[in-house]
Amino acid sequence: MSQENTSSIIVVGKLGAPYGIKGWLKVHSFTDDPQGIFDFSPWLIGQQGKWQALEVVDWRRHNKGFIAKFAQVNDRDQAMAYTNVEVSVDSAQLPELPQGEFYWRDLIGMSVVTDKGYNLGIVDDLMETGSNDVLVVKANNKDAFGQAERLIPFLTDSVIKEVKHDAREITVDWDPGF
């Protein structure tokens, strides 16, 4: 994998401290199902601007987390070199989602337009609030309502009317003054 093509790289976890003397490392998973991180292979580790593929040969639960053993890491000293590095995978490894479901990364950069045609701006980020996800929409420079940013709840049917994947546009029922 070339270092220029990083747009398809998704961070799914982080390696922690070495565990024991045989090259095992603690693993912190960022996937919805924490154990799901082990469904991906190989893992991509970015260090000093270069990507390296690591193959998980064994893993197990340990306390409230996980530990893993890699093909290329055989002792504690080698494991130390991977402490606190992010674990990534190529987005092509992510499972296909059912119709109407999206990965957050797919929504970033989409235009957000009201059902009456007003362009609210571009999705800059998403937040998890507990009750529902929220689109962070960066408003256009010359927003008629003087807004710099809008927080729009990602509630399908009531607020989110349509996500046009190919057109990169989200239609919402939302008051532009908010």
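Procedures and definitions
Residues numbered from 1 in each chain as written. Predicted model: local features only at pLDDT ≥ 70, side-chain atom pairs only at ≥ 80, totals over all residues. Heavy atoms only, no water. UniProt positions renumbered as here; feature names shortened; annotations may be inferred. Helix = DSSP H or I, 4+ residues; strand = E, 2+ residues; numbered from the N terminus. Buried < 20%, exposed > 50% of the residue type's maximum accessible area, 1.4 Å probe, protein only. Pairing = 2+ DSSP bridges. pLDDT = per-residue confidence, 0-100. Contact = heavy atoms within 4.5 Å. Core = buried A, V, L, I, M, F, W, Y, C linked by side-chain atoms within 4.5 Å. Axes fitted to C-alpha atoms, helices over the stretch in contact; angles between N-to-C directions. Salt bridge = Lys/Arg side-chain N within 4 Å of Asp/Glu carboxyl O.

**Student:** What's the story with the UniProt feature "domain: Ribosome maturation factor RimM PRC barrel" (unreviewed entry) in the chain in this structure? I'm lost.
**Tutor:** Mapped onto this structure's residue numbering, the UniProt feature "domain: Ribosome maturation factor RimM PRC barrel" (unreviewed entry) falls at residues 104–177. In the segment residues 104–177, helix accounts for 5% and strand for 46%; the C-alpha atoms at its two ends are 25 Å apart.

**Student:** Can you help me understand the pairing of strand 7 (residues 86–90) in this one?
**Tutor:** As a general feature of sheets, a regular strand has side chains that alternate between the two faces. Burial within strand 7 is extensive, with four of its five residues counted as buried. Pairing geometry for strand 1 (residues 9–19) and strand 7, over five bridges, is antiparallel. Its bridge partner being in strand 7, G13 is matched across the sheet by V87. With two bridges joining them, strand 3 (residues 43–47) and strand 7 adopt antiparallel strand pairing. Bridge assignment links L44 to a residue of strand 7, and that residue is S88.

**Student:** What should I look at first to understand the environment of A144 in this one?
**Tutor:** With respect to the secondary-structure elements, A144 resides in the loop between strand 10 (133–138) and strand 11 (149–153). What makes A144 exposed here is its relative accessible area of 64%. As a C-alpha pair, A144 and G177 span 33 residues in sequence and 8.8 Å in three-dimensional space.

**Student:** What is the right way to read the confidence of the model for the chain from this model?
**Tutor:** For any part of a model where pLDDT is low, the fine detail of the predicted coordinates should not be relied upon. With 96% of its residues at a pLDDT of 70 or more, the chain has an overall mean of 89. When the criterion is pLDDT under 50, residues 1–5 qualifies, and its contacts beyond four places in sequence or with other chains add up to eight contacts.

**Student:** Got a minute to help me understand the nonpolar core in this structure?
**Tutor:** One recurring pattern in soluble globular proteins: nonpolar side chains tend to sit buried together. Counting residues in each nonpolar core, the largest one holds 21 residues, and the members touching the most others are L15, V27, W43, F70 and Y82. At the level of elements, strand 1, strand 2 (24–29), strand 3, strand 6 (65–70) and strand 7 are the ones that each hand at least two residues to this core. Other than its neighbours up to four places away in sequence, V27 contacts K14, L15, I37, F38, W43, F66, I67 and A68. One finds L107, V159, I160 and V163 within the second-largest nonpolar core, a separate group that totals 16 residues.

**Student:** Mind showing me how you'd approach the sheet that holds strand 12 (residues 160–164) here?
**Tutor:** The pairing of strands in a sheet happens through backbone hydrogen bonds and is either parallel or antiparallel. With mixed pairing, six strands are arranged side by side in an open sheet as 11-10-9-8-13-12. Looking at which strands have only one partner, the edges of the open sheet turn out to be strand 11 and strand 12. Here the average twist between neighbouring strands, direction ignored, is 35°.

**Student:** Would you mind going over the pattern of salt bridges with me for this structure?
**Tutor:** Side-chain pairs of opposite charge can arise where the charged atoms are in close proximity. A full pass over the atoms with the stated rule returns three salt bridges. Notably, a salt bridge pairs D115 with K116, separated by 3.7 Å at the nearest N-O pair. When its relative accessible area of 41% is taken as the criterion, D115 is described as partly exposed. Close ionic contact of E169 with K164 constitutes a salt bridge, the shortest N to O distance being 3.1 Å. Residue E169 is classed as partly exposed on the basis of its relative accessible area of 23%. The exposure class of K164 is partly exposed, given its relative accessible area of 28%.

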